[in-house]
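# Reading the structure
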Amino acid sequence: MTIANRILSTPSTLGSQGSIPIASGGFGSFEIALRRRTRTASDLADMYDGASKSWAQTSRRLGLETAYSDPLISSGAVEVLGKPSAHVLDCGIGSGSLSLALARVAQKPFDHHGIDTSSAMLAVADAELRRAAIVPQLHQADVRAIPYPDLTFDVVMAAHVLEHLSEPHLALREMVRVLKPGGVLFACMTRRSVFGTFVQLRWRTWTVSNQQGIAWLRESGLTDLQARPIELGFGTGRASTAFWAKKPLGALDSPPNDGVAARGRTVDDCPAQI
Ligand SMILES: C[S@@+](CC[C@H](N)C(=O)[O-])C[C@H]1O[C@@H](n2cnc3c(N)ncnc32)[C@H](O)[C@@H]1O
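Description of the structure in this document. What you see is a predicted model, and the numbers here were worked out from it, not measured in a lab.

### A look at the overall build of the protein chain
Within the protein chain, the secondary structure is distributed over 8 helices and 10 strands. Per-residue burial for the protein chain yields a buried fraction of 46% across its 274 residues. Sequence-distant contacts in the protein chain: of pairs separated by 6 or more residues, those separated by 24 or more amount to 75%.

### Some details on the nonpolar core
Residues V155, V156, M175 and L185 are the most contacted members of the largest nonpolar core, which totals 71 residues. Per element, the largest residue contribution to this core is 7 residues, and it comes from strand β8 (residues 179-190). Each residue touching V155, except ones within four places of it in the same chain, is listed here: A77, V80, L81, V88, G183, V184 and F186.

### Some details on the packing of helix α2 (residues 64-74) against helix α4 (residues 97-106)
It is at 8 Å that the axes of α2 and α4 come closest, and there the two elements cross at 55°. Judged on the interaxial angle alone, α4 and α2 are oblique. Read as a crossing pair, α2 and α4 show a hand that is right-handed. The residues of α4 that touch α2, namely those facing L64, E65, Y68, S69, L72 and I73, are S97, L98, L100, A101, L102, R104 and V105. In the contact of α2 with α4, the residues fall into 9 nonpolar, 2 polar and 2 charged.

### Quick look at the environment of T117
Structurally, T117 is set in the loop between β5 (111-116) and α5 (119-131). Taking the number of C-beta atoms within 10 Å as the measure of exposure, T117 has 24 and is therefore buried.

### Things to note about the pairing of strand β4 (residues 87-91)
The buried fraction of β4 is high, at 5 of 5 residues. Burial of β4 is two-sided: the residues H87, L89 and C91 facing one way and the residues V88 and D90 facing the other way are all buried. As judged from the 5 bridges shared by β4 and β5, these two strands associate in the parallel manner. Within β5, the residue paired with L89 across the bridge is H113. At this point the chain moves from β4, through α4, to the parallel β5, and the crossover so formed is right-handed.

### Looking at the site of the ligand
Near the ligand you find 25 residues, and of these Y48, G92, G94, S118 and A159 are the closest. Breaking the shell around the ligand down by element, the ones donating at least two residues are α1 (41-61), α4 and β5. Element by element, the count of residues in the shell around the ligand is highest for α1, at 5 residues. In the shell around the ligand, the residues fall into 13 nonpolar, 9 polar and 3 charged.

### So, the environment of A77
Looking at the element boundaries, A77 is found in helix α3 (residues 77-80). Since 25 C-beta atoms lie within 10 Å of it, A77 is described here as buried. Residues A77 and G183, 106 residues apart in the sequence, show an inter-C-alpha distance of 7.9 Å. Beyond its immediate sequence surroundings of up to four residues, A77 is in contact with L72, L102, V155, V184 and F186.

### Digging into α5
Relative to the 18 Å expected for 13 residues at 1.5 Å per residue, α5 spans 19 Å between its end C-alpha atoms, a close match to the ideal helical length. Within α5, the full set of buried residues consists of M121, L122, V124, A125, D126, E128 and L129. After α5 finishes, the residue A133 shows a positive phi value of roughly 65°.

### Examining α4
Counting buried positions along α4 yields 8 of 10 residues, so the element is predominantly enclosed. For α4, the set of buried residues is S97, L98, S99, L100, A101, L102, A103 and A106. One or two residues past the end of α4 sits Q107, with phi positive at roughly 50°.

Conventions we followed
- Residues numbered from 1 in each chain as written.
- Predicted model: local features only at pLDDT ≥ 70, side-chain atom pairs only at ≥ 80, totals over all residues.
- Helix = DSSP H or I, 4+ residues; strand = E, 2+ residues; numbered from the N terminus.
- Buried ≥ 20, exposed ≤ 12 C-beta atoms within 10 Å, placed from the backbone.
- Contact = placed C-beta atoms within 7 Å.
- Core = buried A, V, L, I, M, F, W, Y, C linked by C-beta atoms within 7 Å.
- Axes fitted to C-alpha atoms, helices over the stretch in contact; angles between N-to-C directions.
- Parallel < 35°, antiparallel > 145°, perpendicular 65-115°, else oblique.
- Left-handed = near helix turned anticlockwise from the far one by under 90°.
- Nonpolar A, V, L, I, M, F, W, Y, C, P; charged D, E, K, R; others polar.
- Pairing = 2+ DSSP bridges.
- Right-handed = clockwise from strand over helix to strand, strands pointing away.
- Near = placed C-beta within 6 Å.
- Expected span 1.5 Å × (residues − 1).

Structure (structure tokens):
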């Protein structure tokens with residue numbers, strides 16, 4: 001198995017706990033906002049380590065691979081992968097459902113990379129992808145500090161990861177940094193629904209509206225923004241939204257960086273140059 005099993009120079013700020021909005025309302029001159037502290041990165045990694053044994057089966061029950069396929073085709077990712085030696089990064093790869101969906105719709109080989117903070121999930125992804133004749137390069141790393149140089153990938157994607165973060169813009173900034181100009185960013189996020197509320201209570205996640213998701217992508221400097229609700233299986237209904245966008249062709253420089261995500265890291269420190 002080719003998993004680099006150490007978390008790479010993760011800035012200490014990523015371990016800190018932020019909070020996410022749960023509900024808000026008004027009563028006369030009162031404004032009430034309810035927020036909940038997210039789980040820390042290490043708590044979350046422990047939880048996903050624990051859930052990893054049954055995750056592939058849960059993903060199959062929810063029909064994730066099928067649910068991701070149509071929006072992936074609409075996103076233009078398949079066209080972007082049409083050129084020789086295209087590179088793809090799946091952030092928070094889990095058991096690999098999104099990667100498997102892309103491999104199925106692309107119907108051509110590409111250079112496949114994945115990161116996750118849970119080492120047990122990476123082991124499951126490795127097994128699932130190899131079963132589908134894909135040999136991935138996997139790294140234990142946080143999406144807020146992606147261990148690759150700028151402008152590396154043609155497609156950067158994440159399914160049901162960003163809603164775990166109190167500061168999703170830090171992750172999006174990193175995803176955009178490693179994306180090539182003209183490349184596709186694809187992200188699925190839990191939306192408000194009965195299942196979404198269950199996920200939110202258990203995992204302390206956002207439920208992300210179309211408007212909110214689009215705003216995050218726009219603030220990250222992306223263009224051609226699109227959102228579409230997706231239907232998951234097992235009676236959960238339209239519990240998720242697929243968002244996609246492009247990095248503008250003129251965007252040759254790294255996006256503005258406040259020094260949090262990439263502090264102290266140079267290209268030479270990156271174990272995963274391609
Ligand atoms: C809900 S699962 C989704 C897995 C997969 N993308 C899918 O669609 O089936 C979320 C995954 O993201 C990983 N994860 C959570 N926070 C992360 C972070 N900050 N950086 C990288 N991976 C993270 C978890 O370990 C887990 O494998």
